[in-house]
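Secondary and tertiary structure notes
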Amino acid sequence: MLNPRNELESLNLILSVINSLLPRAQGDKVGVLLMLQAETINMIRYVGEKCDGGIITEEGNSDAEDRLLQWGKDHGVKTKLQLAHFEGAGRGAVALEDVDIGETVLEIPDLFSFVIMMFTNLTCLT
C-alpha cells in the first residue's frame, strides 16, 4: 500500500525540480516541462482527494497554541491554515479553504522573518 505522505513528498520534489528547470529551458523543452508540471499537479490533486478521509481536525488547541495563534494574528500573520492531526502522519496543518498549488497560505511579516533568522543564527553559535 502506498503512503500518501511519501507520494506527496515525492511529487513535490518532482514539481520543485521542474520549476527550477523551467527558467533555463529553451525550445521544445519548455513545452515538455510545462506538460510534466501540469501532470504532476494533477497527480498531487489526485493524491489529496484520495486521502481526504485521513484528516482528523482538532477542534481546540491548547491554551499555549491559542495564545500563539492570537499573538500572530495581532501582529500581522495571515493564514489559510488550521492545525490538524493526520492519521498515520501526526501533527500538521490543513487548508481552511480550497487553495491552488503555489498560492500563499501563510504570510509572516518581514520583521518576524528577521527575528527568526537572528534566533537561528544565535542558536547555531552556541
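Described in the following lines is the structure provided in the data block.

Scoring rules and cut-offs
- Residues numbered from 1 in each chain as written.
- Predicted model: local features only at pLDDT ≥ 70, side-chain atom pairs only at ≥ 80, totals over all residues.
- Heavy atoms only, no water.
- Helix = DSSP H or I, 4+ residues; strand = E, 2+ residues; numbered from the N terminus.
- Contact = heavy atoms within 4.5 Å.
- Areas by Shrake-Rupley, 256 points an atom, 1.4 Å probe, with all protein chains shown as cover.
- Core = buried A, V, L, I, M, F, W, Y, C linked by side-chain atoms within 4.5 Å.
- Buried < 20%, exposed > 50% of the residue type's maximum accessible area, 1.4 Å probe, protein only.
- Expected span 1.5 Å × (residues − 1).
- Salt bridge = Lys/Arg side-chain N within 4 Å of Asp/Glu carboxyl O.
- Patch = residues over 30% accessible without salt bridge, like charges linked within 9 Å, V, L, I, M, F, W, Y side chains within 5 Å.

Moving on: the overall build of the protein chain. When you go through the protein chain residue by residue, the secondary structure sums to four helices and five strands. Seen in sequence order, the protein chain has helices and strands lined up from the N terminus as α-α-β-α-β-β-β-β-α. Of the contacts formed within the protein chain by residues at least 6 apart in sequence, a portion of 57% connects residues at least 24 apart. About 9800 Å² of surface is accessible on the protein chain, with carbon and sulfur atoms providing 60% of the total.

The biggest cluster of nonpolar side chains holds five residues, and these are Leu11, Leu15, Ile41, Ile44 and Val47. Those elements that place two or more of their residues in this core are α1 (4-21) and α2 (28-50). It is α2 that provides the largest number of residues to this core, a total of three residues.

Structurally, the position occupied by Gln82 is in strand β3 (residues 81-86). Take Gln82: its relative accessible area is 28%, and that puts it in the partly exposed class. Sequence separation between Gln82 and Val94 is 12 residues, and the spatial gap between their C-alpha atoms is 5.4 Å.

The end-to-end C-alpha distance of helix α3 (residues 63-74) is 16 Å, a good match for the 16 Å that 12 residues give at a rise of 1.5 Å each. Phi turns positive, to about 95 degrees, at Gly76, one or two residues after α3.

The subject of this paragraph is the pattern of salt bridges. Applying the stated criterion across every chain, the model contains one salt bridge. When the shortest N-O distance is used, the salt bridge between Lys80 and Glu103 registers 2.5 Å. Placement of Lys80 in the loop between β2 (78-79) and β3 and of Glu103 in the loop between β4 (90-95) and β5 (106-107) is noted, with a sequence separation of 23 residues between them. For Glu103, a relative accessible area of 30% translates into the label partly exposed.

Right, let's talk about a nonpolar patch on the surface for a bit. A cluster of nonpolar side chains, namely Leu13, Val17 and Leu21, defines an oily patch on the protein surface of about 260 Å² accessible area. Within the secondary structure, Leu21 is located in helix α1.

What follows deals with the side chain of Thr40. Mapped onto the elements, Thr40 comes out in helix α2. Discounting chain neighbours no more than four positions away, the residues touching Thr40 are Leu11, Ile14, Leu15 and Ile18.

This is a description of form; function is not addressed.
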